[in-house]
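What follows is the residue order along each chain.
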Amino acid sequence: MGMRVEELPGCVVELPSTPLEPSADASAEKGNNVNLPVVILLGWAGCKDRHLEKYSAIYLRKGCVVIRYTAPWRLVFFSESLGIKSLQNLAKKLLECLFDYKVETKPLLFHVFSNGGVMLYRYIVELLHTQQPFQHLRVVGTVFDSAPGRRNLVGGLRALSLVLAPYSIYVKYLLLLMFAVMVMTLRIMLYPVTRFVHQNHYDAMLKQLSRWPELYLYSKADSIILASDVESMVVARRRQQVFVQAVDFVDSDHVSHLRVYPTSYATHCVSFMYSCIGHA
């Protein structure tokens, strides 16, 4: 059971409680136990902590400290779409947790899900490059699951529809309509003005200053994030001399790759983690 962070509701810090699981990367594991990263999981919009637990298990079995957090879906879909940088303060509080739990000297590995996770990650990367004491934190790599995607109204509506599933049909369709009208207005009618006020997250990711390794886990069958958007990001990052790995699971849907291919998914994540700390 993880420890709840009072300063950031919904954030959970979990310590490994079982012996380290044997690994195919035994030589790397033996020499790098003391350098195992703190893994920060950034959930997709509407994600519950129980959904992230199965991803935590991948890293907890290896002896990593895991921090799980999902930004409120209202901020992801509405505040950020309006150009309000509401996730910026949450990103700051999340990084402050590392100091509160005295793990700020350990290497960091991010595992980011969908655009909801990417929006928060964007601000984290900016803080890592612009503010003290975060500039001293050492990131060794980032895993992207089903992300990032460009502005995609259809995909956004599908994602919001899933989030709103527990709500009444009237509330659901009212919020979907509000979201569609807002996006159409801001992104199409007012785009010549709004583009100078708030850069969208995909363009911000294209210009980010980070140069640590990245692993993209995606699928051509994703019904929310276009595979071509992920592949375009992979090409752009490689042009920036970033070490990038990409795995196309072909037929698994949005953030469903672990459920459909549990062994392959976990193997890719663990191998990537060891390669990151081995070259850090």
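This text gives an overview of the structure that appears in the document. Worth saying up front: this structure is predicted, and the values here are computed from it rather than measured. (Residues numbered from 1 in each chain as written. Predicted model: local features only at pLDDT ≥ 70, side-chain atom pairs only at ≥ 80, totals over all residues. Heavy atoms only, no water.)

### Brief notes about the overall build of the protein
Along the backbone of the protein there are 12 helices and eight strands. Every one of the 280 residues in the protein was classed for burial, and the buried ones make up 51%. Considering only contacts within the protein whose residues lie at least 6 apart along the sequence, 79% involve residues at least 24 apart. Of the accessible surface of the protein, which amounts to about 13,200 Å², a share of 59% is contributed by carbon and sulfur atoms. (Helix = DSSP H or I, 4+ residues; strand = E, 2+ residues; numbered from the N terminus. Buried < 20%, exposed > 50% of the residue type's maximum accessible area, 1.4 Å probe, protein only. Contact = heavy atoms within 4.5 Å. Areas by Shrake-Rupley, 256 points an atom, 1.4 Å probe, with all protein chains shown as cover.)

### Here's the deal with the packing of aromatic side chains
Evaluation of the coordinates by the stated rule reveals 11 aromatic pairs. An angle of 65 degrees between the planes, with centres 5.7 Å apart, marks the rings of Y55 and Y265 as edge-to-face. On the criterion of sequence distance, the pair formed by Y55 in helix α2 (residues 49-60) and Y265 in helix α12 (residues 262-279) is long-range, its members being 210 residues apart. Residue Y55 shares its accessibility class with Y265, and that shared class is buried. (Phe/Tyr/Trp six-rings, centres within 6.5 Å; stacked < 30°, edge-to-face > 60°.)

### Digging into the layout of surface pockets
The calculated volume of the largest pocket comes to roughly 640 Å³. Contributing to the lining of the largest pocket are 36 residues, with A45, F77, A159, V163 and I224 lying nearest its centre. Only α3 (73-79), α5 (114-130), α6 (153-163) and α7 (169-189) provide two or more residues apiece to the lining of the largest pocket. Element by element, the count of residues in the lining of the largest pocket is highest for α6, at six residues. The residue inventory of the lining of the largest pocket, partitioned by class, reads 18 nonpolar, 13 polar and five charged. (1 Å grid on protein atoms, 1.4 Å probe; cavity = no way out; pocket = protein on both sides within 12 Å on 5 of 7 lines; lining within 4 Å. Points joined across faces, edges and corners; volume = space filled by probe spheres on them. Nonpolar A, V, L, I, M, F, W, Y, C, P; charged D, E, K, R; others polar.)

### Observations regarding a nonpolar patch on the surface
Together, I169, Y170 and Y173 give the surface a local cluster of nonpolar side chains, amounting to about 420 Å² of exposed area. Among the secondary structure elements, Y170 is positioned in helix α7. (Patch = residues over 30% accessible without salt bridge, like charges linked within 9 Å, V, L, I, M, F, W, Y side chains within 5 Å. Salt bridge = Lys/Arg side-chain N within 4 Å of Asp/Glu carboxyl O.)

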